[in-house]
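Descriptive analysis of the structure
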Amino acid sequence: MAGATVLLSLCFAAAQSAGAVTFAVPSKAGTGGYAYAPLDPAPIGISFEFFAFPSYVTNVTGTNQCLANWKGLTGVWPPIRIGGTTQDRAAYDATTPAYVVYSVAKAADAPATLTFGPKFMTLAGTYAGSVVIGLNRGKNNIENTIAAAKVAVAEIPNLLAIELGNEPEYWVKDKQPIASGTWNPATDAASQNNWNVRVGNAVGKTNIIQAGNWNDAPPTWGAAQLIATENTTVKQYVRHFAHHNYPGGNIQKLMTHPTTVKSIQVFDADIAAVRRTGREYVFGETNSVSGGGAAGVSPTFGAALWTMDYSLRATFNNMSRTYFHHGTVGNCQYCFWGRHTMGAPYYGAYAAVALMAGASYLTALDTGKTNYAGYASFDASGTPLRVLLYNSDYFSGSGTRSSQSFTMTGLMPTATALKAKRLTAASASSRADQGNDISFGGQYFRNVTCAAGGTETYESTTVTGGQATFSLQATEALLVYLQ
């Protein structure tokens, strides 16, 4: 974040916990007995609900700046995905001059049906980062979907993939025509394979489909079972696989590190099955609580810390990209930003982006079994860049706020001091959209514009014998710069 810079000596908080958490920082990626994940240039992205996408771009002032803030860190525009429940309610209309056409009883509602025109794809094509576009499979009108896919290919220069259908396991409940008969993982797999080939062939592109896109947990609905049904023809059209995930829970459960680790481990076998084929696995749509979020959970600082920890752990577990979903404008508790206010989760995502910016590898320094987490990023040569420390002890805002010492060992023997940025707020319940102070390195993001405000502030601590210690209060994180 831009602005004046202040360097402060580190002040240790009161109520210090007994004994420091110790993390050995590897001197080189690939050493120290840790697992290492290769990094996408921009591992954290945004998913926009299909019908709402034009509004986010044309009616929400902060959208471009919020994405640009991340580009300022990484040098790469974050990836976006356009899709969600309403992609399977949408029909392409080549004659409409509008982005989208629909009607709702209340502005907070999502439409039951809608149409979209070529201008929708042209708008998506103005984005400088990669784009995944979700199209309708549920209505079982493949010719209409092919017509839309052809326009997407023609109008979106940075089109990464086409997604055919959103969360098909729910289509019986949703009374989607394609699921009117027998519908289960096997029939969905046959449908996906057929549509992948027909759409890919129609647009004249291989390596163009984002397959999967379920929300129910693997293995029942998972990539491994779909891969087992793919023949050689199908495989050439599938670029990567996606799954959705909304862990849920109250603030304390959501932000607690071991809970986050376990929620990601559910996907380990499925990720491994995809990686064996040489393809990527992504969270194509995810956030804290489904259905637009929960008011007492999703807009909070605790959810911001979850966003940070969750995206980093997913990346460490070989999830190539994580797309955080943004739903109806003005009715979205988990959104990172809106038309009038910022959301607390944006701060957590920003801290995670800052850790991985320009890095080639990521490792987790902790076992995932305690509330205290550490991640380290490394450049292309394997040299450590940064370490992120996280104290997921819950602080409600009342009583004494505990703190925990974190000691890093194995630091460069020539190092004499380290600087760091703290991600902090008054409590886990703090909300940016209600005017509560949340900051990263002393700075905040302005409502409406998403521009950075405040003075950029670094803390410092001494390095002695290759060791340095920082103190983190409960419900805080710290990004430590090693270079």
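A brief report on the enclosed structure follows. For every chain, the first residue of the written sequence is number 1, and numbering continues from 1 onward in sequence order. Given that the model is predicted, a residue must reach a pLDDT of at least 70 before its local features are reported, and side-chain atom pairs must reach 80 or more before they are shown or counted; all residues, however, enter totals for whole chains, interfaces and linings. Derived side-chain values reflect all non-hydrogen atoms in the structure, with water molecules and hydrogen atoms excluded from consideration.

Quick look at the sheet that holds strand 14 (residues 321-326)
Taking strand neighbours around the barrel as the criterion, the eight strands line up as 4-5-9-10-11-12-13-14 in a closed arrangement whose pairing is parallel. Between one strand and the next, the sheet's axes are offset by a mean angle of 25 degrees, whatever the strand orientation. We call two strands paired when DSSP finds no fewer than two bridges between them. Here a helix means four or more residues in a row that DSSP labels H or I, a strand means two or more in a row labelled E, and each is numbered from the N terminus. With four bridges joining them, strand 4 (residues 44-49) and strand 5 (residues 80-83) adopt parallel strand pairing. Across the sheet, the residue bridging to F48 is I82, located in strand 5. Throughout, a contact is declared for two residues whenever any of their heavy atoms are within 4.5 Å. The axes are straight lines fitted to the C-alpha atoms, using for helices just the contacting stretch, and the angles between their N-to-C directions are given from 0 to 180°. Where helix 10 (residues 268-275) meets the sheet, it contacts strand 12 (238-245) and strand 13 (280-286), and its direction lies at approximately 135 degrees from that of strand 13.

Some words on helix 9 (residues 257-265)
Type-normalised accessible area, obtained with a 1.4 Å probe on protein chains alone, sets the label of each residue: buried when under 20%, exposed when over 50%, and partly exposed for intermediate values. Where helix 9 is concerned, the buried positions are H257, P258, T260, V261, S263 and I264. Lining the buried residues of helix 9 we find strand 12, helix 8 (251-255), helix 10, strand 13, helix 11 (301-316) and strand 16 (372-378).

Let's talk about the layout of surface pockets
A pocket here means an open set of points on a 1 Å grid, computed over the protein atoms alone, that has protein on both sides within 12 Å along at least five of seven lines. A cavity is instead a set of points where a 1.4 Å probe fits but cannot get out; residues with an atom within 4 Å of a point line either one. Grid points are joined across faces, edges and corners, and a volume is the space filled by probe spheres set on the points. By volume, the largest pocket amounts to about 560 Å³. Around the largest pocket, the lining is made up of 27 residues, and of these E49, T85, E285, G291 and G292 lie nearest the centre. Here the second largest pocket is characterised by a volume of approximately 320 Å³. Lining the second largest pocket are 19 residues, with G330, C332, C335, G338 and T341 sitting closest to its centre.

Points about the pattern of salt bridges
Here, a salt bridge means any Lys or Arg side-chain nitrogen found within 4 Å of an Asp or Glu carboxyl oxygen. Summed over all chains, the structure comprises 14 salt bridges. Salt-bridge contacts for R198 lead to E143; the nearest nitrogen and oxygen are separated by 3.5 Å. In this pair, R198 is assigned in helix 5 (residues 185-203) and E143 in helix 4 (residues 142-155), connecting sequence segments 55 residues apart. A single network of salt bridges, built from pairs that share partners, joins D40, R239, E280 and R321.

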